[in-house]
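Structural description and commentary
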Amino acid sequence: MVRKKDQFWAYAVKVNGRFKCNFCEEDFPGGASRIKAHLAGVPGHDIKACNAVPQDVQEKAQATQKKREAQVTEGTNKKLKSLPTSVSKSKTKMIKIVTQGEEEYRAGIILNDVVDRLIANVSSLATEHIDFELSFKVELINLLETLFKIKFVLGDAQKRQSSDESMRIWLTNLRDVAYDADNVLDKFSYESFLQKVQIQNQMMDQVCNISLCNLDKVKTINQLLDKILKDVADFGLRIELVNSIPKISLNMNIDSLLNDSEVVGREQDIKKIVNLLISSSNRHVISVLPIVGMAGIGKTTLAKLVYNNELIKQHFDVLAWVNVGKNFDVEGILREILKPHREDLGDLEYDEVIEICAEILGAKKYLLILDDVQNEDPKKWDTLKDYLLEFNSNAGNNIVITTCSDNVGQIMKIHPPHHLEKLSKDNCWSIMKKRTFIDGRIPLTLDLEVIGREIAKRCGGVPLAARLLGGTMCFKFDKNKWLEIQNNKIWDLLDEDNSDIFPVLKLCFDHLPTPSLKRCFAYCAIFPKDYDMKKDEVIQYWMAEGFLLAKEANMEIEDIGNMYFNILLATSFFQNARKDAYGNIISCKMHDLVHDFALSISKFETLILEGDSMDDGSSIQHLFARLDGKTTLGSSFSGVDFTKLRTLISENFNFDIMLSNFKCLRVLKLSGDRIKELSDSIEQLIHLRLLHISHYFIEELPKSITKLYNLQTLRIERFLGELPEDLSNLINLRHIHINNCWDNVIETPKNMGRLTCLQTLQFFSVGPDEGYRIKELGCLKNLKGEIIIRNLGYVKDEEEAKRAKLKEKEIFNLGLSWSSRQRHMYDEDEKVLEGLQPHPNLKSLTINFYGGKKFPSWVGLSSLYHNLIEIKLRYCRECKEVPTLGQLPCLRVLEMERMEKVRCIGSEFYFYSDGSYRNTTTLFPALRILKLVGMETLEEWKDAKELTTTDEVLFVFPCLEELSIGWCNKLRYLPDSLHTCVSLQKLVVWHCHELSSLPGVRSLQKLVVEDCPNLMSLPGVGSIIRRGIEDPPNGLQCVIYSENGDFRLPSTSSIHPSLQKLQLFRFGDLLLDQIQYFIALKILWIEESYEMVALPEWFGNLSSLQELYLLRCWELVHLPTEEAMRRLTQLKTLIIYDCPEFEDNELIKISHVPWVQINDR
């Protein structure tokens, strides 16, 4: 059946999946119902009232709107008449809800997690406290029975709420009572934990009886829940059980789903845009190319593909990406440009930001991507453009913007907008198929392909919709489940051109496997758009809110959270996943449309507030508030009811006077740099599960924090002080995150072994006294992840070290550190390290200040540590031999620093003496980075092939990309195997006074040599002292050479035209003369010359030179003649610094150079 086109389309036109009003010429997403709302003057989701509509058209639209609302209200009233009086107060409120536009979706009220939590808490109270009075136990049993009765009908009630408003009102009332009950029972639990702590600290002899618990409160809860249960008795609800954690198969390679930049159907778009950006015909100083298209069409993905294109990287000197969003803040954009180049931008004043931007962008060709631009104010764009023109007046710079609005494109364009078209149905099916049939989990039958292609037609050519549907269907193994999606009634809400993606989001949301997972997703609306959601942080927030309940004995609640996170990634509700160096997913983001949807379905309990005040917070459970740091909570929210608030995430708030209003908080995150201390009144937040302090320079945590007995997670960033001594009172603590643990030595509080729930502890400092010894770690059987253990000199022997039980803990990143100030007995250190053998899942090992002469056998044991990726051995000054590491199959990074007694690197480095290497043909098979620093007595580094028989074929370092050797003053030769290392790209050597040669490999791209006076040849660059010349490697781009003697660069026959960067320190005239033959040079850096008075005339022949740096050239007076300098037509940057003799009258020679800085003037 074909729907008749709505009459109101006569007043609007379709533009890229949106509608544009014929009267005010504003454009909005959506279809006919939104046009009517716009013309009727009814604002809504992304809809403004029309200010130019003729009166007759407006009246017609208003009449249509009123008729529709009356129909909805009449239906609702009929249902409300059958409701008991206890819920009639909700009537007005609920009518308001159901008359929202059909494009605004409400999440169903989901209470499974709350009811399950109540059942668990009541059961715990009834079973753990055998000394409760009989009357109280009876009330608990009655409450438990009532909760189970509610649980049995809850599933059917939640299904019916979308079509039955009275059912939704009943669930609303149940929710209010359930959360009140949750607070009451949670307070009982808090008092129970208080008693345990007091017994633990020997402050009381036995557990108190029921006098601490309020019997009347339990009776009241029972009565309210009984009444609610009676209210629903006539609704005919079916009894069913909802499994909160069904068996979800996630045994798929989720890595293949993490690439959100699939090149499907966009190949020609990429080619066209790249060619346009690098075109030599571009003579504008700043050319702006808008990429315009509807939300979800793939504008950002296309911009990323262009941004990462190799031709773009070669053409532009500077690339910058800024996510702009709704607020076109010029200062914010400039700060974002600086982020890849500078840290601690928050400390910079605006003038400093402008100055540094000028340095980075000045005289360089740049490409700036401004993603998701919504600003339609030309003045803001003009302000940014004026700054950019001030920074750089050369032609060839480009800006690419992505936007949904043609108006934005018209304001900013230089090039005609690139309108991104919808994908074909085949392309949508291709995207869906890739995500659905991953790893062969579901066989692609003919029936499923036919159904899948039909569903792909509903994607409307939007790749985000295809990814969402594909991710949803990968969990559907049954043909009937696919048919359910194909025949879902929600498709009837689509516009004629399927341009609205919200129905697809709603469909995929409805098919998330568990109610709790839906709660977890909706909760993420609390984070701002484009927020980098840390995986462990998000899971801990879910846990604190009580959304995660482990139903199986072998599952921790974090395991449930990890599974939920991965499902949301697989289904594309989350995207842009990032991994750490060990392959673990650490963060992700939400697409703006997905975030809009999450906020839409949770808007009655979630509020994102930026700079404004509010009048009513009575229904708000989750609040994100961002202020300018000047407004306080007291002035913005005085008198607001926050009794239901469970999550508060704030930036730049001074909230001390409001703490008493937040007593039901489960999550509290404070960020900003204006507050230097935390109030003692935080102890009032007895329900708090998570405390996150970010970017506060807090020197001390209040002692009262140790009274938050429900606390599960403590996250502190930029912490400068000590932890409270009684931290061990927080017996429910599971995670302690404190950053910069290597840099800031924080003492470990006493008796940490009492925190038996602890899973995350990033540091532990061993002490000599009881309560501080390493055995405290042995009690923490759930410890996993990362930890640095310091002050190991206080561990007496191997047996005491074993009491840490590291072998039993799934720690993947382990740091072991002795103190540099403690005296070492080498045999004791060796025994202690032997006893600290870690878990086989180890991926990274760092050992500092170890005093043993050799390493224990477990270090480098390939049969045990096959996952080991990184090893760092630092300041092991007594070691006389390096450990055996050559057979570790996954080792990628190896750093050995200040092992000052190692004289020879021999066979023990490559393989064990038992001949086990004969089973392999490759040593160090995965090593990418190798660093040897401060090996002051190292004289010989033997080649592995010298240590084997002649008939054996061995490959050594086949994947080595970066080799750094420094302060190895006695090392004369490098092993021959490095000369055949075909993958080596970067070689850095400094202060190796006896080294006479370096490996010459054709793959080398960067070479740094400093203070190596006996070096006779450079790899691929030929002889320095009258030696034979060999061809340089094809890829060599950078030679940095520092010398103290009368050396020279190779003769002209060895010069390779690709050499583009040259940096020279402390050189003589002979070396300077050789520079004239490097005709492809783009960047030349000359530093610390004691003889050079003037640059020679041949400098004008370096026609490719773009940047020239002259630093600390003490005698430099003159540049070449003005004629020679004028021939340097490509020269864009000239820096002359700390050259005291340089004359000002030379400036006339360089008036044509765009960016000049002389002696810091």
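Computed from a prediction, not measured in an experiment: that's the story for all the values here. (Residues numbered from 1 in each chain as written. Predicted model: local features only at pLDDT ≥ 70, side-chain atom pairs only at ≥ 80, totals over all residues. Heavy atoms only, no water.)

Things to note about the overall build of the protein
The secondary structure content of the protein amounts to 30 helices and 41 strands. Among the 1161 residues that make up the protein, the fraction classed as buried is 55%. Excluding contacts between residues fewer than 6 apart, the proportion of contacts in the protein whose partners are at least 24 apart in sequence is 63%. (Helix = DSSP H or I, 4+ residues; strand = E, 2+ residues; numbered from the N terminus. Buried < 20%, exposed > 50% of the residue type's maximum accessible area, 1.4 Å probe, protein only. Contact = heavy atoms within 4.5 Å.)

What to know about helix 15 (residues 425-436)
Its twelve residues give helix 15 an end-to-end C-alpha distance of 16 Å, which sits within 8% of 16 Å, the value for a rise of 1.5 Å per residue. On its buried side, helix 15 packs onto helix 16 (446-457), helix 17 (463-473), helix 18 (479-486) and helix 22 (557-570). (Expected span 1.5 Å × (residues − 1).)

Overview of the environment of Asn142
Inspection of the secondary structure puts Asn142 in helix 5 (residues 134-160). Spatially, the C-alpha atom of Asn142 lies 7.4 Å from that of Asn222, the residues being 80 residues apart in sequence.

Structural notes on helix 22
For helix 22, built from 14 residues, the straight-helix expectation of 20 Å at 1.5 Å per residue is met to within 8% by its first-to-last C-alpha distance of 20 Å. Counting buried residues in helix 22 gives twelve out of 14 residues, a clear majority hidden from the surface. Among the residues of helix 22, Ile557, Glu558, Ile560, Gly561, Met563, Tyr564, Phe565, Asn566, Ile567, Leu568, Leu569 and Ala570 are the ones counted as buried. Backbone geometry just downstream of helix 22 places Ser572 in the positive-phi region, at approximately 70 degrees.

A closer look at the pairing of strand 17 (residues 713-716)
Residue alternation in strand 17 divides its side chains into two sets, Thr713 and Arg715 and Leu714 and Ile716, and both sets are buried. Bridging between strand 16 (residues 690-694) and strand 17 involves four bridges; their strand directions are parallel. Residue pairing across strands places Ile693 opposite Ile716, the latter belonging to strand 17. Of the strand pairs in this sheet, strand 17 and strand 18 (residues 735-738) are connected by four bridges, and their pairing is parallel. Across the sheet, the residue bridging to Thr713 is His735, located in strand 18. (Pairing = 2+ DSSP bridges.)

Observations regarding the environment of His979
Here His979 shows up in the loop between strand 31 (962-966) and strand 32 (986-990). For the pair His979 and Pro999, spaced 20 residues apart in the sequence, the C-alpha separation amounts to 4.5 Å.

Here's the deal with the packing of aromatic side chains
A full pass over the atoms with the stated rule returns 30 aromatic pairs. With a centroid separation of 6.2 Å and 25 degrees between ring planes, the pair formed by Tyr387 and Phe391 is classed as stacked. Of this pair, Tyr387 and Phe391 both sit in helix 13 (residues 378-391), four residues apart, which is roughly one turn of the helix. According to the relative accessible area criterion, Phe391 is buried, its value standing at 4%. Where Tyr910 meets Phe911, the ring centres are 6.4 Å apart and the plane angle is 40 degrees; that geometry is what we call tilted. Note on accessibility: Tyr910 and Phe911 belong to one class, buried. An aromatic cluster is built from Phe502, Phe509, Phe521, Phe573 and Phe597, whose rings are joined through pairwise contacts. For Lys518, the ring lying beneath its charged end belongs to Phe509, and the centroid distance is 5.9 Å. (Phe/Tyr/Trp six-rings, centres within 6.5 Å; stacked < 30°, edge-to-face > 60°. Lys NZ or Arg CZ within 6 Å of the ring centre and 35° of its normal.)

Overview of the sheet that holds strand 10 (residues 575-579)
Taken together, the three strands give an open sheet; going across it, the order is 9-11-10, and neighbouring strands pair in antiparallel fashion. Across the chains shown, the open sheet's two edge strands, defined by having one partner strand only, are strand 9 (533-534) and strand 10. Bridge analysis of strand 9 against strand 11 (residues 585-589) gives two bridges, and the strand direction is antiparallel. The residue of strand 11 that forms the bridge with Lys534 is Ser587.

Topic: the environment of Glu331
The topology assignment puts Glu331 in helix 11 (residues 330-338). Each C-alpha atom of the pair Glu331 and Tyr350 lies 7.1 Å from the other, and the pair is 19 residues apart in sequence.

Observations regarding unusual backbone geometry
Of note in the backbone geometry, Asn576 takes a positive phi value of approximately 55 degrees without being a glycine. Summarising the element assignment, Asn576 is placed in strand 10. Using a relative accessible area of 22% as the deciding quantity, one classes Asn576 as partly exposed. Here Arg898, not a glycine, exhibits a phi torsion of approximately 60 degrees, which is positive.

Brief notes about the state of the cysteines
Scanning the model with the defined rule gives zero disulfides in all. The structure places no disulfide on Cys1113, whose sulfur is separated from the nearest cysteine sulfur, that of Cys1139, by 4.7 Å. With a relative accessible area of 0%, Cys1113 lands in the buried category. (Disulfide = S-S within 2.5 Å.)

A few points about the nonpolar core
Of all hydrophobic cores here, the largest spans 118 residues; its most connected members are Ile789, Phe909, Trp941 and Phe957. The element contributing the most residues to this core is strand 22 (residues 810-817), with three residues. In this structure Phe909 touches Val882, Pro883, Thr884, Leu885, Gly886, Leu894, Met896, Phe924, Trp941 and Phe957, once residues within four positions along its chain are discounted. Counting residues in each nonpolar core, the second largest holds 96 residues, with Val504, Leu569, Leu593 and Ala598 among its members. (Core = buried A, V, L, I, M, F, W, Y, C linked by side-chain atoms within 4.5 Å.)

Quick look at the sheet that holds strand 12 (residues 606-610)
The strands making up a sheet associate through hydrogen bonds between their backbones, and the pairing can be parallel or antiparallel. Strand order across the open sheet formed by eight strands is 12-13-14-15-16-17-18-19, with parallel pairing between neighbours. What marks the edges here is a single partner per strand, and that holds for strand 12 and strand 19 (760-761).

Structural notes on the pattern of salt bridges
Using the criterion set out here, one finds 44 salt bridges in the structure. Where Arg453 meets Asp426, a salt bridge forms, and the shortest distance between an N and an O atom there is 3.1 Å. Of the two residues, Arg453 is situated in helix 16 and Asp426 in helix 15; the sequence distance between them amounts to 27 residues. With a relative accessible area of 52%, Asp426 lands in the exposed category. Two residues, Glu537 and Lys669, come together in a salt bridge whose shortest N-O distance is 3.6 Å. One end of the pair, Glu537, is in helix 21 (residues 535-545); the other, Lys669, is in strand 15 (residues 667-671), and 132 residues separate them in sequence. A network of salt bridges, in which partner residues are shared, links Asp113, Arg117, Asp182, Asp186, Arg519, Glu545, Arg646, Arg666 and Arg689. (Salt bridge = Lys/Arg side-chain N within 4 Å of Asp/Glu carboxyl O.)

Some words on the packing of helix 12 (residues 350-361) against helix 13
Contact geometry for helix 12 and helix 13: axes closest at 9 Å, N-to-C directions at 50 degrees. When the interaxial angle is binned, helix 12 and helix 13 end up oblique. Considering how the two elements wind past one another, helix 12 and helix 13 form a crossing that is right-handed. Contacts between helix 12 and helix 13 pair Tyr350, Ile354, Cys357, Ala358 and Leu361 from the former with Tyr387, Leu388 and Phe391 from the latter. Taken together, the residues that form the contact of helix 12 with helix 13 break down as eight nonpolar, no polar and no charged. (Axes fitted to C-alpha atoms, helices over the stretch in contact; angles between N-to-C directions. Parallel < 35°, antiparallel > 145°, perpendicular 65-115°, else oblique. Left-handed = near helix turned anticlockwise from the far one by under 90°. Nonpolar A, V, L, I, M, F, W, Y, C, P; charged D, E, K, R; others polar.)

A few points about the side chain of Asp269
Position of Asp269 among the secondary structure elements: in helix 8 (residues 267-277). Buried charge without a salt bridge: Asp269, with Arg266 as the nearest opposite-charge side chain at an N-O distance of 4.1 Å. Other than its neighbours up to four places away in sequence, Asp269 contacts Leu302, His418 and Leu420. (Lys, Arg positive; Asp, Glu negative; His and termini not counted.)

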